[in-house]
Amino acid sequence: MIRKILVTGFEPFDRDTTNPSGDFIDWMSKRNKHPDREVQGIILPVIFEGAFLKFKTVYDDFCPDIVIL
């Protein structure tokens, strides 16, 4: 059984004030009420090195069964 799901989104690019993928993470986090699984969302920076480091830290701590990037 899938118990842990990690979903990623991104912060706004350039001069944008929002990013739909980051907005989805915010929306999903408010509705994360599943008794049989834990869903964690993270919003990543739009800089490759920064995004990878944040993702790796959360991944290692959370140990998800599934990752949706």
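Predicted model, so just to flag it, every value in this text is computed and none were measured.

K.L.:
It is not clear to me how the packing of aromatic side chains should be interpreted in this structure. Could you clarify?
P.N.:
Given two aromatic rings, their pairing is described by the distance between the two centres and the angle made by the two planes. Across all of its chains, the model carries 3 aromatic pairs by this definition. Between phenylalanine 10 and phenylalanine 13 the ring centres are 6.5 Å apart and the planes differ by 35 degrees, which places this aromatic pair in the tilted class. Classification of phenylalanine 10 as partly exposed rests on a relative accessible area of 32%. On the accessibility criterion, phenylalanine 13 (42% relative accessible area) is partly exposed. Between the aromatic rings of phenylalanine 55 and tyrosine 59, the centroid separation amounts to 5.7 Å while the plane-to-plane angle is 35 degrees, which identifies the pairing as tilted. Of the two residues, phenylalanine 55 and tyrosine 59 are both situated in helix α2 (residues 48-62); the distance of 4 residues between them amounts to about one turn of the helix. The ring of phenylalanine 62 carries lysine 4 above its face, with NZ or CZ at 5.0 Å from the centroid.

K.L.:
Any chance you could explain the pattern of salt bridges here in plain terms?
P.N.:
Where charged atoms of side chains with opposite charge meet at close range, the side chains can pair. Inspection of the entire model under this criterion finds 2 salt bridges. The residue aspartate 36 makes a salt bridge to arginine 37 at a minimum N-O spacing of 3.0 Å. For aspartate 36, a relative accessible area of 37% gives the class partly exposed. In this structure, aspartate 60 and lysine 56 form a salt bridge, with 2.9 Å as the shortest nitrogen-oxygen distance. Remark: lysine 56 and aspartate 60 occur in helix α2; sequence separation between them is 4 residues, near one turn of the helix.

Here is what the cut-offs are and how they apply
Residue numbers restart at each chain and count upward from 1, following the sequence in its written direction. Whole-chain, interface and lining totals are the exception, using all residues; otherwise, since this is a predicted model, local features are given only for residues with pLDDT of at least 70 and side-chain atom pairs are given and counted only at 80 or more. With hydrogens and water stripped out, all remaining heavy atoms of the structure feed into the side-chain values. A pair of aromatic rings is counted whenever rings of Phe, Tyr or Trp (Trp by its six-membered ring) have centres within 6.5 Å, and the orientation is called stacked for planes under 30 degrees apart, edge-to-face for over 60 and tilted otherwise. Buried, partly exposed and exposed residues are distinguished by accessible area as a fraction of the type maximum, computed with a 1.4 Å probe on protein chains only: under 20%, between the cut-offs, and over 50%, respectively. Helix and strand assignments come from DSSP, with helices taken as H or I runs of at least 4 residues and strands as E runs of at least 2, each series counted from the N terminus. Both a distance and an angle decide whether a charge sits over a ring: NZ of Lys or CZ of Arg must be within 6 Å of the ring centre and within 35 degrees of the ring normal. By definition, a salt bridge exists where a carboxyl oxygen of Asp or Glu is found within 4 Å of a side-chain nitrogen of Lys or Arg.

Without other data, these values stay purely geometric and don't point to any function.
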